[in-house]
Amino acid sequence: MGDAAFNQLRRNPLTGRWVTIAAGRASRPQDFLTRVLAVEGSEGRPCPFCPGHEEHTPAELGSYGLDSRWLVRVVPNRYPAFEGSDPMKVDTLSPLHARAPASGRHEVLILAREHDLRLDQLDSRRMALVMAALRDRFDEHSRLPEVAYTQAIVNYGREAGASLEHSHAQLLGIPFVPGEIDDEYRGFAEHQATHGDGCLLCDAVAEELAEHHRVVLADRHAVAIAPWWSGAPYEMLIVPRTHRERAPDADPAEVVGVGCVLRDALRRLRHVLGDVAYNVVVHTAPHQARGTYHWHIHLLPRTSTAAGFEQGTGVLINTVPPEIAAADLRDPDAVMSAGR
Ligand SMILES: [Zn+2]
Ligand SMILES: [Zn+2]
Ligand SMILES: [Zn+2]
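Residues numbered from 1 in each chain as written. Chains lettered and ligands numbered in written order. Predicted model: local features only at pLDDT ≥ 70, side-chain atom pairs only at ≥ 80, totals over all residues.

Chemist: Account for unusual backbone geometry, naming residues and giving values.
Modeler: A positive phi angle, near 50 degrees, is found at Asp67, a position not held by glycine. Counting through the fold element by element, Asp67 comes out in the loop between strand E3 (62-66) and strand E4 (69-76). For Asp67, a count of 5 C-beta atoms within 10 Å gives the class exposed. In this model, Ser68 sits at a positive phi of 60 degrees, which is unusual for a non-glycine residue. Among the structural elements, Ser68 can be located in the loop between E3 and E4. (Helix = DSSP H or I, 4+ residues; strand = E, 2+ residues; numbered from the N terminus. Buried ≥ 20, exposed ≤ 12 C-beta atoms within 10 Å, placed from the backbone.)

Chemist: Explain helix H2 (residues 124-142) residue by residue, including any values.
Modeler: Counted at 1.5 Å a residue, the expected span for H2 with its 19 residues is 27 Å, and the 27 Å between its end C-alpha atoms agrees. Looking at the buried positions of H2, the neighbouring elements they touch are E3, E4, strand E7 (105-110), strand E8 (149-156), strand E9 (168-174) and helix H5 (252-273). (Expected span 1.5 Å × (residues − 1). Contact = placed C-beta atoms within 7 Å.)

Chemist: Requested: an account of the sheet that holds strand E2 (residues 18-21), with residues and values cited.
Modeler: Read from one edge to the other, the open sheet built from four strands follows the order E2-E1-E6-E5, with strand pairing classed as antiparallel. Every interior strand has two partners, whereas the edge strands, E2 and strand E5 (91-94), have only one. Across this sheet, the average inter-strand angle for adjacent strands is 30 degrees, counted without regard to direction. (Pairing = 2+ DSSP bridges. Axes fitted to C-alpha atoms, helices over the stretch in contact; angles between N-to-C directions.)

Chemist: Just give me the short version of the nonpolar core, but keep the residues and values in it.
Modeler: Core analysis: the biggest nonpolar cluster contains 73 residues, and Leu109, Val130, Ala224, Met236, Ile238, Leu262 and Ala265 have the highest contact counts within it. Element by element, the count of residues in this core is highest for H5, at nine residues. Aside from chain neighbours lying at most four places away, what touches Ile238 is Ala222, Ala224, Val258, Val261, Leu262, Ala265, His296, Ile297 and Leu299. (Core = buried A, V, L, I, M, F, W, Y, C linked by C-beta atoms within 7 Å.)

In short, the description is geometric, and any link to function would need to be established separately.
As structure tokens, this is what we get:
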């Protein structure tokens with residue numbers, strides 16, 4: 001397990017946001033270099049996520065499979081950024097120095113048994129196991145008093161922060177509600193204040209389906225759009241059609257349906273951009289209710305690195321209008337022949 005003694009939350013008084021100091025993850029300058037190289041394939045070192053190397057991961061939290069072989073495995077992260085069950089108690093050392101224990105859970109979902117099988121290559125039966133595992137973990141986290149919010153992510157490719165190439169997702173159960181979710185709550189509340197009782201994302205889906213030009217794909221369970229406010233080329237937002245605050249509130253068939261739309265969106269992205277790095281971010285309401293929210297998934301291709309202006313202002317510059325991105329993603333073959 002990681003060096004829990006060094007895991008700590010520290011508050012940035014300029015922004016009010018919490019930062020996690022997790023010294024167990026990479027504590028020497030050369031570790032940053034090996035982390036960059038590791039995703040290229042670590043020659044000589046066995047992949048800890050491959051079958052036959054199960055003893056290289058901490059004790060399993062769950063496994064899902066068919067015919068007595070696991071196809072999805074859930075294990076604790078060997079280098080957790082959040083660990084332990086201390087309650088969120090803020091210790092104010094001075095007006096500028098506030099800290100709290102970085103309690104919570106940090107887990108890895110190994111998405112496939114095969115080392116080289118990507119998320120976009122899973123068939124619907126395998127995708128159903130992935131989504132069942134995700135739903136179960138959200139459910140489990142909701143019962144832990146120290147976990148206020150659970151973030152599920154997939155990092156694919158070096159530019160997106162992946163350090164192992166074997167397909168995996170991560171779940172971070174954290175002891176506070178992050179600033180990004182607070183901001184989205186504000187968006188839902190402002191929309192309600194000006195548009196009667198409507199839900200921002202239910203309304204967005206209805207409008208996008210009516211106008212059609214930013215819709216990438218739509219099925220019974222979910223709609224993938226290139227959002228009006230896209231901050232990055234080919235960014236997508238996957239919105240479940242049924243209004244639910246949290247992913248585990250949805251019935252299993254719905255959750256699987258949303259997972260299949262995500263997979264299909266990834267296939268189209270690959271068709272248009274090739275083997276591009278990306279982040280998948282699942283946003284679901286915190287475990288304690290706080291107001292109107294609608295769970296959704298952000299798919300963020302890493303076509304460029306945030307430069308000084310983006311870092312300095314939080315203002316993103318997107319060089320591909322979402323209307324063009326959606327048209328390309330709807331009909332990837334047309335992009336190829338047009339040579340765009
Ligand atoms: Zn592997
Ligand atoms: Zn809604
Ligand atoms: Zn979101």
